[in-house]
Amino acid sequence: MRPGDARSSRKHAHVAIMDSDRETVEQLLKELRKLGYKAEAIEQTKTLLRKVKNDLIDVLILAVDAWGGGRFELIPLIKRLNRSLPIIATSGDDSLETAGKVREQGVLFYAMKPLDMREIDIVLKNALARGPKYQRPITFVKPTRAENDRENEILDINEASRTLKLSKNTLARLAKQGEIPACRIGNRWCFIRNQIYEWLRIRAAGNQCNYNTLILETMDEGVAVVDRRLKIISCNSAYLKALDIPRDRVIGEPCYRVSHRSVAPCDEPICPVRKAFKTRQAVKVLHVNYDNEGKERYCDVVALPIKDAHGDITSVLEIIRDNTEIYNLNRHLNGVMRFFARESKATLGTVMMNISALADENLSATIDKSKRSEMLVSSLCSLKLMHDMIRNYIVSYQVENGRLQCNKSIVHIADNIIYPVIFETAPLLRKKAISIDTFIGNLKPTYCDVDLMKVAFTDMINSMAKYAMNGSKIRCSVETDGDFVMVVSGVGAGVPHEKFQNLSDGSLDVEHQEMSDAEMGLYIARRIAEIHDGGLNIETGYIVGDQHVSYDEFRATRQYSHLEVVSNTEFIRLQLRIPHIDVHWDDGGDK
Amino acid sequence: MKSMKKILIVDDDVDFVEATKIVLEESGYDVEACLSAEACLEQLKANVPDLIILDVMMETDHSGFDLCREIKRNLKTKEIPILMLTAVEQKYPMNFNRAAGDETWLPVDVYIDKPVEASVLLERINKLLR
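Residues numbered from 1 in each chain as written. Chains lettered and ligands numbered in written order. Predicted model: local features only at pLDDT ≥ 70, side-chain atom pairs only at ≥ 80, totals over all residues.

Run through helix H20 (residues 450-467) of chain A, naming residues and quoting values.
In this model H20(A) runs 26 Å from its N-terminal to its C-terminal C-alpha over 18 residues, within 8% of the 26 Å that 1.5 Å per residue would give. With 14 of its 18 residues buried, H20(A) lies for the most part within the structure. (Helix = DSSP H or I, 4+ residues; strand = E, 2+ residues; numbered from the N terminus. Expected span 1.5 Å × (residues − 1). Buried ≥ 20, exposed ≤ 12 C-beta atoms within 10 Å, placed from the backbone.)

Residues and numbers for the pairing of strand S9 (residues 222-227) of chain A, please.
All names here are of chain A. The buried fraction of S9 amounts to 5 of the 6 residues, a majority that puts the element mostly inside the structure. Two strands pair when backbone bridges link them, and S9 and strand S10 (residues 232-235) are joined in this way by 3 bridges, in the antiparallel orientation. The residue bridging Val226 from the neighbouring strand is Ile232, located in S10. In this structure, the hairpin formed by S9 and S10 is closed by a connection of 4 residues, where Leu230 is found at a positive phi of approximately 65°. (Pairing = 2+ DSSP bridges.)

Tell me about the interface of chain A and chain B, and name the residues and values.
Chain A puts 21 residues into the contact, and the matching count from chain B is 20 residues. Counting residues per element, the ones that place at least two in the side of chain A that touches chain B are helix H15 (324-345), helix H16 (347-359), helix H17 (361-366) and helix H18 (369-400) of chain A. With 8 residues, H16(A) is the single largest residue contributor to the side of chain A that touches chain B. A class-by-class count of the residues in the side of chain A that touches chain B yields 10 nonpolar, 8 polar and 3 charged. (Contact = placed C-beta atoms within 7 Å. Nonpolar A, V, L, I, M, F, W, Y, C, P; charged D, E, K, R; others polar.)

Outline the sheet that holds strand S8 (residues 188-192) of chain A, supporting the account with residue identities and numerical values.
All names here are of chain A. Strand order in the open sheet formed by 3 strands is S6-S8-S7, and the pairing between neighbours is antiparallel. Whereas interior strands pair on both sides, the edge strands pair on one side only; in this sheet they are strand S6 (154-155) and strand S7 (183-185). Note that S6 and S8 share 2 bridges and pair antiparallel. Following the sheet pairing, Leu155 is matched in S8 by Phe191.

Lay out unusual backbone geometry in plain terms, naming residues and giving numbers.
The step from Lys114(B) to Pro115(B) runs through a cis peptide bond, and the omega angle for that step is -5°. You can see Pro115(B) is positioned in the loop between strand S5 (110-113) and helix H6 (118-129). The backbone of Asp533(A) shows a phi angle near 65°, a positive value even though the residue is not glycine. Mapped onto the elements, Asp533(A) comes out in the loop between helix H22 (517-531) and strand S19 (535-544).

Which residues make up the packing of H20(A) against H22(A), and what are the values?
Residues and elements named next belong to chain A. At a minimum axis distance of 8 Å, the contact between H20 and H22 shows a crossing angle of 150°. Taken together, the axes of H20 and H22 are roughly antiparallel relative to one another. Crossing hand, H20 versus H22: left-handed. Of the residues in H22, those in contact with Leu452, Met453, Val455, Ala456, Asp459, Met460, Asn462, Ser463, Lys466 and Tyr467 of H20 are Ala518, Gly521, Leu522, Ile524, Ala525, Ile528, Ala529 and Ile531. When grouped by side-chain class, the residues that make up the contact of H20 with H22 number 13 nonpolar, 3 polar and 2 charged. (Axes fitted to C-alpha atoms, helices over the stretch in contact; angles between N-to-C directions. Parallel < 35°, antiparallel > 145°, perpendicular 65-115°, else oblique. Left-handed = near helix turned anticlockwise from the far one by under 90°.)

I'd like to hear about the pairing of strand S4 (residues 87-91) of chain A, residue by residue, with values.
Residues and elements named next belong to chain A. When you tally the buried positions in S4, you get 5 out of 5 residues, the bulk of the element. Judged by which residues are buried, S4 turns out to be covered on both faces: Ile87, Ala89 and Ser91 on one side and Ile88 and Thr90 on the other are all buried. As paired elements, strand S3 (residues 59-63) and S4 share 4 bridges and run parallel to each other. Within S4, the position partnered with Leu60 by the bridge is Ile87. In the sheet, S4 pairs with strand S5 (residues 109-112) via 4 bridges, with the strands oriented parallel. Residue pairing across strands places Thr90 opposite Ala111, the latter belonging to S5.

Right under this line is the structure:
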């Protein structure tokens, strides 16, 4: 690796540290950041596992003696989620027993405390050099127009000879015999690149000639023939289409590299092909494959052993049935069911209690007039929140399935979005005695989808109202400062750090997590901003004196370590920003 | 003068607690509320109510189940009738109503699925406190 490479890989490398020793963590964070790594401290196992699962960490430094020891038991779990993640285990316990236990778990390096930063840096560099992210990229890129042109490129005999690794004489002989697709122009043989790849593929299928290929092509499902070395020797067009890969990048490649984008084969118990070779029986398993964009594809993989004339298994027919759509639909239905389960508990429970009491003549007569009004407002707010949540679920479904339409027009933000939303959310704010200060700055007409922006702004206000203290004030400022910027901020009580953390690092999985209404709302607001080529920035933390300090900064900075966390001095700041496009009102200017 | 019966609501849904509190107070009960199982145990050390209305999914998905067993194990609180009011069935589709009363598994006196009408709740409470 060249020095420049090391530097650049460091710059992008995400190193996570998990240790209960605050001093070591601070020291490591400081040193690693100085060396150019993106380092972060993780305290909660749940957060760590989520980040490992979502592949957000490149190297993990794990103190196995943290929180009273036994942390090495986490390693198998981490390995199960991401077996290629390099782990550097650290410990202050110099016993051979601990070292043995840790080594058994397959860590990359075991470092004794106090840590030697030079040693850690060398290990990190090695880990990154090994890591798939920092090696030659193995992700196949969808062929661009230029690549398509390349596939149809006409090659002369020299280039074809180099491509096929055959001598020019042999190539000329094969061309003359009509064995390889070629044409003679003047006294020169010409070849088309993708035709000779196709010829190579058929040849690779060995003695089975074209018949197998033709049979494979009759199947609608993706099918590949894999040999004992797990290399693909033939496949059909449906297989290529399912994985979105050109044929020349499949034939001769290991199947795990093609279908899983993995550098190592799967373990035998979960690899149907290896199992089929071993058991000589047909095997079916559910596999998670990845497409070109890194999206998960849920596939049933059936491996059928193919016997030769002697009854030996020489290859396995791998059939891939892509069930992603069904899987996604089930996942979404589960999400909807979970949502309704929660809502019937919370929102409908409250509404039913209030309305049934008011509707009952005897009961209603005993309730004081002001309380009756309070119950009605409470029901109205609950129903409004439920409406917003259902709408958010629908929008999230549309976003996830690429069905969300963005109909942009020239919009006066204040009149068409800000004031109507504030009016609609007034009962909710009144219920918590929250007031709202609106500051409309230098506002130019903005080119956006008015309905979607209303959804985003409503979700921002709802989230703020949920976490803001009773009787507090929400500040909402809107202006055009090059971009169109909408900021909503307030002082809250007990903003759950984890929820905002999930949103802040962009790793929220809508359908897998038990998402709260506030998380869902902010997720939708962010997606709407992104559809407008913008973004949503979420800041939350503690107010210390007159300073706003983020949770991470608070925990990582020594000067705050002696301060007690006071639950009612937390802040939230949501900033939605979309690019401003210079447009003019049809009616002659800003209102 | 006959003293008002004390009811303790244990539920993490503030809006639901507020709504139920109004209904019960207006019907002549003295109502207190706790937003978690942990807070309830603290409260029970100081005051013993005449009835507990208990939700299930609070700190965890099974907080209410653990809490009702804890209450029935404690000599000081084991006689307090418990009315379990929850939507846990929506999440775990089991027949909890049939299990209600089982001393080991679900030692509650009444099990009601949310949402519930105010009059139904009052009727069940009145019956339990009669």
